[in-house]
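Next come the chains, spelled out residue by residue.
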Amino acid sequence: MAERSAPRAWRTPGLVLLAVVLLASPPFLSAYWVGLLTQVVILGILAMSLDLLIGYTGLPSLGHAGFFGVAAYGVGVLSTTYHAGVWASVTGGLLTGTLLAALFGLIVSHVRDVYFLMITMALGMVLWGLSFRWIPVTGGDNGISGIPRLEGLVGLPVSGPVPFYYVALAVFAVCGGLMMLLVRSPFGLTLQGIREQEPRMRSLGFNTWLHSYLSYVGAGLFASIAGIMWAYYNGFVSPTYLDLTASSELFLMVTLGGPSTLVGPVIGAAAIVILKNVMSAYTARWLLILGIIYIVTILWAPQGLWNLGGRSKAE
Amino acid sequence: MKLSRALPLLASLCAATIVFAQTDTRPPIKIGFMVPLSGGNAQNGRDILNGFLMYLDEIGYRAGGRRIDLLVEDDEAIPAVGLTKARKLVERDEVHVMAGALLSSTGYALAPYITSMKIPMVYPVVSADDLTQRRRSEWIVRTGWSGSQPNHAFGEYAYQKLGIRSVVTIALDYAFGWESVGGFERTFVAQGGRIRQKLWVPLSVHDFAPYLAQIPRDVDAVYALLLGRAALQFMRQYQEFGLKGRVRLIGGGTTTDEHVLPFMGEEAVGTITALHYSAALDTPANKAFAESYRMRYKKVPSYYSESMYTGGKWLIAAINAIDGRVEDRQALVDALRRAKPTDLPRGPIELDEYGNPIENVYIRRVERVNGQLQNTVIDTFPRVSQFWTFDPARYLSEPLYAR
């Protein structure tokens, strides 16, 4: 792949810096910043999972927060209404999210481009509506609160923001590693082939429907893992986890950071989480500033931050 | 001047300097505050903040001999964002006390965190019943109201004083709507009234035609619980459908609250609603408040504006009662529960043992006075509790109002 060969010398030090910050900084940070970093790694998993679809398979999903939210609701309902243990709740959340992706995948995997965008958006809205209106189970607009803390449940001797962060970081590392393996595998290369030239892939004998379907389910699986972590991090779930705003913000994380890189979406997640929280403390006009940043990025780095300096695909 | 005469003067001067030095060496009291300041609920959030800023200006940002630092955050009306901002205020800025939140969903999301961090918090607006009923927290003090509170009174009023026997309700389809309609239904039906039909509209409603078409023309009244854009749209369409003048319109207080009333026209006149506040309330305290609010912000105060003026007064009264020793959080939350601020715009209020105010409920009718629409108070229920006349223990053993 020609674009891979374009040297981006700053990428390796950038990656090392990112790893060092994520690994070593929390003990020296205040609880508030550890909280923000926790959000970054959890939303990083989610953004990477969407990158599997957008960046690698070329499927722009606007309903991806749905699986994230459904898995979070799985944990919320099991651990509060049914008082299930931590592993039962986690498994339940994971199954709900993944099975739902397997079901939705049947509906969406044969469409592409803007049709895919519209159908995933519609399905996302259906899930949001369900979370909002299925009151006996989801608590409606008020959501479900009172999800127990994770640290104690998994047998950690200490609790608090830092231990939770390292749990989240470990999950992040495992998920990131798996996704990295996935996209480098022959299967992952097929996905990129579908993104570039689906008719040719089909004529080569690949079952492109099945490959798209599997990538959709895989993305749903990793999104569910992020949703589970998010439910435990916040201690509650509410319909805002899976509304259109959440899905579009997630979409922005991927495009801002740089699709089809996996690292880029994490940078995008970090940029959005940190910018939002830091700027809104100083000015009420932070949305305006965020908007300007998006526009500047689109103009100067249309392939996203992590792809900066390389040749664009068009060349 | 003889030394003997000057001595007491000198001494008192010294004492004064010491006292001053002492008060100024104490660091400022940090108050964390959050409401939605962006998105669809920004205007209501802004009103709440305005009321608070106005009161803090009145007292010169000083209480209990200490300066007050106000830290304002935007919770975007998203519960997870609200929680992040609460963590920021508590863990990074180390605020002594928190105030704010607009939506029930945010209120519920914050409660476990507030309780676990043992930070006293004032909820000026969040009206979800259970926050001071089945899921109350000892660290949360509500200075606003609970959704069903004015509606219990209003259900009786509608039957007895307005002579209404049958009603169709139309309300926003979420907890606030259910609790308001539930409260109204309970007392109205107990009197012998009949709810013919309950219509629920989604929060994103754009057109009321499908709902208005369902209303039978032979009911005595329509009870509407809406707010914001939906309230404006509803009023217009109610008239267009020829219902105004044929079927009386009554409702929850937010339907004609001053955050939407100035944008309504003749179609709103005559609507009767119930709430714990009206900008047209004819008391010296409210006249002074409404006048200076109008001078400062060039608009009529809404119930949201009043909420944090009163909430602020409440909070400052508590801080003064413990001489500004806000580091003692237990003492502060106790003082918050005992505080009895006076001269409040909405009238006398005190907290019940569950942390919800006992306050007047006003029956208001929309009238045009000097060219402006206002909620004229036509009747008052004094000292209404969140449990109305029911026994709290029995009330709490019953389920929360739902659809």
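The structure displayed is predicted, hence computed values, not measured ones. (Residues numbered from 1 in each chain as written. Chains lettered and ligands numbered in written order. Predicted model: local features only at pLDDT ≥ 70, side-chain atom pairs only at ≥ 80, totals over all residues.)

This next bit is on the overall build of chain A. Helices and strands together make up the secondary structure of chain A, namely 15 helices and two strands. What you see for chain A is a C-alpha radius of gyration of 19 Å, in line with the 20 Å of a compact globule of 315 residues. By its C-alpha atoms, chain A is 55 × 45 × 40 Å across when sized along the principal axes. Among the 315 residues that make up chain A, the fraction classed as buried is 48%. The long-range share in chain A, meaning contacts at least 24 apart out of those at least 6 apart in sequence, stands at 76%. (Helix = DSSP H or I, 4+ residues; strand = E, 2+ residues; numbered from the N terminus. Rg over C-alpha atoms; globule rule 2.2 N^0.38 Å. Buried ≥ 20, exposed ≤ 12 C-beta atoms within 10 Å, placed from the backbone. Contact = placed C-beta atoms within 7 Å.)

Turning our attention to the overall build of chain B. A count of helical and extended segments in chain B gives twelve helices and 14 strands. Over its C-alpha trace chain B gives a radius of gyration of 23 Å, about what one expects of a compact globule, namely 22 Å for 403 residues. By its C-alpha atoms, chain B is 90 × 45 × 40 Å across when sized along the principal axes. Across the 403 residues in chain B, those meeting the buried criterion constitute 52%. Across chain B, every contact between residues at least 6 apart in sequence was considered, and the portion connecting residues at least 24 apart equals 72%.

Residues and elements named next belong to chain A. Interaxial distance between helix H14 (residues 263-282) and helix H15 (residues 286-300) falls to 9 Å at its minimum, and their mutual angle equals 140°. The pairing of H14 with H15 is recorded here as oblique in orientation. For the pair H14 and H15, the crossing hand works out as right-handed. Touching Leu275, Lys276, Met279 and Ser280 of H14 are Trp286, Ile289, Leu290 and Ile293, all from H15. Tallied by class, residues from the contact of H14 with H15 come to six nonpolar, one polar and one charged. (Axes fitted to C-alpha atoms, helices over the stretch in contact; angles between N-to-C directions. Parallel < 35°, antiparallel > 145°, perpendicular 65-115°, else oblique. Left-handed = near helix turned anticlockwise from the far one by under 90°. Nonpolar A, V, L, I, M, F, W, Y, C, P; charged D, E, K, R; others polar.)

As a further point, take helix H12 (residues 208-234) of chain A. Residues and elements named next belong to chain A. Between its first and last C-alpha atoms H12 spans 39 Å; for 27 residues at 1.5 Å apiece the expected length is 39 Å, and the two agree. With 23 of 27 residues buried, H12 is to be regarded as a mostly interior element. Once H12 ends, the next one or two residues include Gly235, with phi positive near 80°. (Expected span 1.5 Å × (residues − 1).)

This next bit is on the environment of Val237(A). All names here are of chain A. Note on placement: Val237 falls in strand E2 (residues 236-237). When the 31 C-beta atoms within 10 Å are taken as the criterion, Val237 is described as buried. In sequence terms Val237 and Tyr73 are 164 residues apart; their C-alpha atoms lie 6.2 Å from each other. Excluding its chain neighbours within four sequence positions, the residues that come into contact with Val237 are Ala72, Tyr73, Gly76, Gly143, Ile144 and Ala231.

All names here are of chain B. The strand order E2-E3-E1-E4-E5-E6 describes an open sheet built from six strands, whose pairing is mixed. Sheet topology places strand E2 (62-63) and strand E6 (140-142) at the edges, where each strand pairs with a single neighbour. Here strand E1 (residues 29-35) pairs with strand E4 (residues 97-100) via four bridges, running parallel. Across the sheet, the residue bridging to Met34 is Gly100, located in E4. Docked against the sheet, helix H3 (residues 79-92) engages E1, strand E3 (66-74) and E4, running at close to 170° with respect to E1. (Pairing = 2+ DSSP bridges.)

Successive residues of a regular strand alternate their side chains across the two faces of the sheet. All names here are of chain B. Strand direction decides the pairing type here: E1 and E3, joined by seven bridges, are parallel. Residue pairing in the sheet places Gly32 in a bridge with Leu71 of E3. In the sheet, E2 pairs with E3 via two bridges, with the strands oriented antiparallel. Paired with Ala63 across the two strands is Arg66, which belongs to E3. In this structure, the hairpin formed by E2 and E3 is closed by a connection of two residues, where Gly64 is found at a positive phi of approximately 55°.

The next subject is helix H5 (residues 86-108) of chain A. Think of an α-helix as turning once every 3.6 residues; residues three or four places apart then point the same way. Residues and elements named next belong to chain A. Its 23 residues give H5 an end-to-end C-alpha distance of 32 Å, which sits within 8% of 33 Å, the value for a rise of 1.5 Å per residue. Within H5, burial applies to Ser89, Val90, Gly93, Thr96, Gly97, Thr98, Leu100, Ala101, Phe104 and Val108. Taken together, the buried residues of H5 touch helix H4 (65-81), helix H6 (113-133) and H12.

This paragraph deals with the interface of chain B and chain A. Interfaces are often sized by the accessible area lost when the parts come together. Chain B puts 23 residues into the contact, and the matching count from chain A is 21 residues. Among the elements that line the side of chain B that touches chain A, the one with the most residues is H3(B), at eight residues. A per-class count over the side of chain B that touches chain A returns 13 nonpolar, four polar and six charged.

This paragraph deals with unusual backbone geometry. Residues and elements named next belong to chain B. Backbone geometry places Lys118, a non-glycine residue, at a positive phi of 55°. Considering the arrangement of structural elements, one finds Lys118 in the loop between helix H4 (104-117) and strand E5 (121-123). A positive phi angle is found at Trp388, which is not glycine, with a value near 55°. Summarising the element assignment, Trp388 is placed in the loop between strand E14 (372-384) and helix H12 (392-397). In this structure Trp388 comes out as partly exposed when scored by C-beta crowding, with 19 C-beta atoms within 10 Å.

Take the nonpolar core next. Counting 200 residues, the largest nonpolar core has Phe68(A) and Ala226(A) as its most contacted members. Broken down by element, this core gets its largest block of residues, 16 residues, from helix H3 (residues 31-57) of chain A. No fewer than three residues from each of domain 1 (24-145 + 282-355) and domain 2 (149-275 + 360-397) of chain B sit in this core. When near neighbours in sequence (up to four residues on either side) are disregarded, Phe68(A) contacts Leu46(A), Ala223(A), Ala226(A), Gly227(A), Trp230(A), Tyr241(A) and Leu242(A). (Core = buried A, V, L, I, M, F, W, Y, C linked by C-beta atoms within 7 Å. Domains from an automatic or database assignment.)

All names here are of chain B. The assigned domain composition of chain B is domain 1 (24-145 + 282-355) and domain 2 (149-275 + 360-397). Computed over C-alpha atoms, the centres of domain 1 and domain 2 are 27 Å apart. At the interface, 20 residues of domain 1 touch 16 residues of domain 2. Broken down by secondary-structure element, the contributors of at least two residues to the side of domain 1 that touches domain 2 are helix H2 (42-58) and helix H10 (303-321). Considering every element that reaches the side of domain 1 that touches domain 2, the biggest residue donor is H2, with three residues.

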